[in-house]
Amino acid sequence: MIVSASSVEEQFRAMFERVCVTGGAGFIGSHLVDGLRRAGATVVVLDDLSTGRRENLAHHADGVDFVEGSIGDATAREDAVAGCDLVMHLASRVSVAESMSEPELYRRVVGTGTREMLESAVAAGARRLVLAGSCSVYGDAPPPISEATTPAPASPYAEAKLVAESHCRAFAEAGRIATICPRFFNVYGPRQRADSPYSGVIAIFAALAARGETPVIFGDGRQTRDFIHVEDVVRGLMLAAMATDTHGGEAVNFGTGRGTDLLELARVLRAGPPRFEAARDGDIRHSVADPGRAARLLGFETEIDLATGLSSIGHRPTS
Ligand code: UD2
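What you are looking at is a predicted structure, and each value in this text was computed from that prediction instead of being measured.

*Asks:* Got a minute to help me understand the overall build of the protein in this structure?
*Replies:* A tally of helices and strands in the protein yields 11 helices and 14 strands. For the protein, the C-alpha radius of gyration of 18 Å lies close to 20 Å, the compact-globule estimate for 319 residues. With respect to the principal axes defined by its C-alpha atoms, the protein has extents near 55 × 40 × 40 Å. Counting only residues that meet the buried cut, the protein has 52% of its 319 residues in that class. Taking the contacts inside the protein whose residues are at least 6 apart along the sequence as the reference set, 80% of them involve residues at least 24 apart. If you sum the accessible surface of the protein, you get close to 13300 Å²; carbon and sulfur atoms cover 50% of it. Of the side-chain charges in the protein, 32 are positive and 41 negative, and the distance between the mean point of each set is 2 Å.

*Asks:* What should I look at first to understand the pattern of salt bridges in this one?
*Replies:* Here the idea is simple: oppositely charged side chains can pair when their charged atoms come close. Applying the stated criterion to the full structure yields 22 salt bridges. Salt bridges linked by common partners bring Glu9, Arg38 and Glu231 together as one network.

*Asks:* Even after reading the chapter, I still don't get unusual backbone geometry, so can you show me in this structure?
*Replies:* The phi torsion of most residues other than glycine is negative, and most of the peptide bonds are trans. The amide bond that connects proline 143 to the next residue, proline 144, takes the cis arrangement and shows omega of -5°. Counting through the fold element by element, proline 144 comes out in the loop between strand S6 (133-134) and helix H6 (156-173). Positive phi values are uncommon outside glycine, yet leucine 49 reaches one of about 60°. With respect to the helices and strands, the residue leucine 49 is situated in the loop between strand S2 (42-47) and strand S3 (64-68). Residues other than glycine seldom take positive phi values, yet arginine 191 does so here, at roughly 75°. Looking at the secondary structure, you find arginine 191 in the loop between strand S8 (186-188) and helix H7 (201-210). Arginine 191 gets classed as partly exposed once you look at its relative accessible area, which sits at 28%.

*Asks:* Would you take a moment to explain helix H2 (residues 27-38) for this structure?
*Replies:* Since there are 3.6 residues in each turn of an α-helix, residues three or four apart along the chain are aligned in direction. Between the first and last C-alpha of H2 there are 17 Å, a value that for 12 residues agrees with the 16 Å anticipated at 1.5 Å per step. Of all 12 residues in H2, 10 are buried; the element is thus mostly enclosed. Those residues of H2 that sit buried are Phe27, Ile28, Gly29, Ser30, His31, Leu32, Val33, Asp34, Gly35 and Leu36. Following H2 by one or two positions, glycine 40 adopts a phi angle in the positive range, close to 85°.

*Asks:* Would you take a moment to explain the site of the ligand for this structure?
*Replies:* Close contacts around the ligand come from 21 residues, with Val94, Val201, Val216, Arg225 and Asp283 the closest. Contact between the ligand and valine 201: an oxygen atom at 2.7 Å from a main-chain N or O atom of the residue. In isolation the ligand offers 720 Å² of accessible surface; the protein chains occlude 92% of this area. Of all the elements in the fold, those that place two or more residues in the shell around the ligand are H7 and strand S9 (216-218). In the shell around the ligand, the residues fall into 12 nonpolar, 6 polar and 3 charged.

*Asks:* Teacher, can you tell me more about the state of the cysteines here?
*Replies:* Formally, a disulfide is one covalent bond, and it connects the sulfur atom of one cysteine to the sulfur atom of another. The final tally for this structure, using the stated rule, is 0 disulfides. Looking at the unpaired cysteine 135, the closest cysteine sulfur is the one in cysteine 181, lying at 14 Å. With no disulfide of its own, cysteine 168 has cysteine 181 as its nearest cysteine by sulfur position, at a separation of 4.1 Å.

*Asks:* So what exactly am I meant to see when it comes to the nonpolar core here?
*Replies:* Note that soluble globular proteins tend to have their nonpolar side chains buried in a common cluster. Counting residues in each nonpolar core, the largest one holds 41 residues, and the members touching the most others are Phe12, Met88 and Phe254. Sort the elements by how many residues they give to this core and helix H8 (residues 230-242) lands first, with 9 residues. Discounting residues that sit within four places of it in the chain, phenylalanine 12 has contacts with Val19, Leu36, Ala39, Ala41, Leu86, Met238, Ala241 and Met242. Core analysis: the second largest hydrophobic core is formed by 28 residues, Cys20, Leu129, Ala160 and Cys168 among them.

*Asks:* Sorry if this is basic, but what is going on with the environment of glutamate 102 here?
*Replies:* For glutamate 102, the location among the structural elements is in the loop between helix H4 (96-101) and helix H5 (103-123). Separated by 55 residues in sequence, glutamate 102 and tyrosine 157 place their C-alpha atoms 9.3 Å apart.

*Asks:* What is the right way to read the packing of aromatic side chains from this model?
*Replies:* Working definition: an aromatic ring pair is given by the centre-to-centre distance plus the angle between the planes. This model, assessed by the stated rule, comprises 6 aromatic pairs. Measuring from centroid to centroid gives 6.5 Å for tyrosine 138 and phenylalanine 185, while their planes differ by 35°, and the two rings are tilted. Note that tyrosine 138 is positioned in the loop between S6 and H6 and phenylalanine 185 in the loop between strand S7 (178-184) and S8, a separation of 47 residues in sequence. You can call phenylalanine 185 buried: its relative accessible area is 4%. Both rings, one in tyrosine 188 and one in phenylalanine 227, keep their centres 6.5 Å apart while their planes meet at 90°; by these two values the pair is edge-to-face. With a gap of 39 residues between them, tyrosine 188 in strand S8 and phenylalanine 227 in strand S11 (residues 227-229) connect regions that are remote in the sequence. Across this residue pair, the class does not change: tyrosine 188 and phenylalanine 227 are buried.

So, how was this worked out
- Residues numbered from 1 in each chain as written.
- Predicted model: local features only at pLDDT ≥ 70, side-chain atom pairs only at ≥ 80, totals over all residues.
- Heavy atoms only, no water.
- Helix = DSSP H or I, 4+ residues; strand = E, 2+ residues; numbered from the N terminus.
- Rg over C-alpha atoms; globule rule 2.2 N^0.38 Å.
- Buried < 20%, exposed > 50% of the residue type's maximum accessible area, 1.4 Å probe, protein only.
- Contact = heavy atoms within 4.5 Å.
- Areas by Shrake-Rupley, 256 points an atom, 1.4 Å probe, with all protein chains shown as cover.
- Lys, Arg positive; Asp, Glu negative; His and termini not counted.
- Charge placed at Lys NZ, Arg CZ, Asp CG, Glu CD.
- Salt bridge = Lys/Arg side-chain N within 4 Å of Asp/Glu carboxyl O.
- Expected span 1.5 Å × (residues − 1).
- Near = heavy atom within 4 Å.
- Polar contact = N/O pair within 3.5 Å; in protein donor to acceptor, adjacent residues only side chain to side chain.
- Nonpolar A, V, L, I, M, F, W, Y, C, P; charged D, E, K, R; others polar.
- Disulfide = S-S within 2.5 Å.
- Core = buried A, V, L, I, M, F, W, Y, C linked by side-chain atoms within 4.5 Å.
- Phe/Tyr/Trp six-rings, centres within 6.5 Å; stacked < 30°, edge-to-face > 60°.

Written out as structure tokens, the structure is:
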């Protein structure tokens, strides 16, 4: 059965009172905080503001505590998880391309950071940790990609996300804390940063289109991505938190099942005739989810198609 946003929030209210969101000042994290507040939870955000922004949370007058600190800082972690029954672990670095030049940073933040977060969650008595995983772990598998696909990470980012998942499974198998690992496909929506070469492609192309500037496509533009709107991801994360019979670090795809290539994306966003440059190292060619397991295990299906989702970031289709 597929579950609507309002009934998700109602069910969530009955299960969790105080939730720690790591990376809660970031793009996806801050939307999750909004969803958790709608569900009536008290939220503690742990964020070092390396890429997150305080203004993403400025509309919350109450119900959100903010701990400014890194997930590598034991005291900050302990402050943030104290009294929480659930940890939503979204703090991360997000760029495949950046990880090629900064592999150690990704190992530390994404891999080791997840293990440390699990330790702190267990010490605080939290019942459950939900990891923001990534479909990049599949590497260049033929789409649609199901969770049965053997991982083949092609970048330090993907390797570190796989390590993070393995920590989640090990903690669950040892009976220390229930865990689940949604694997996000390409998430987009309001508040996604566009100001770095490592930002998501939709945010970059939309910002360039608004300024009448030309986008750069790395490769031939025929690579595909499965773009999922952040509001769908938030509902999926709350369902993942509530799925008590799914607790052993299971991987669950969060995608729409539909692929869009970059030439099409640039056209839809009216981003002007693109300039082409060499494909980036570590880049995946095709990435489209088989979303069946999320529907079966969590009752999660996406509701926002790309055209509707792009309007949420201010894009108006041609009439
Ligand atoms: C995204 C996520 C990553 C992970 C992954 C899962 C971001 C920033 N990264 O990585 O965290 O979850 O999905 O697959 O959201 N491109 C251009 N021109 C540009 C920018 C990008 O051609 O100006 C290309 C890029 O080479 C790639 C595609 O667009 O082929 C998507 O790039 P991305 O950085 O938005 O996302 P991806 O799939 O590397």
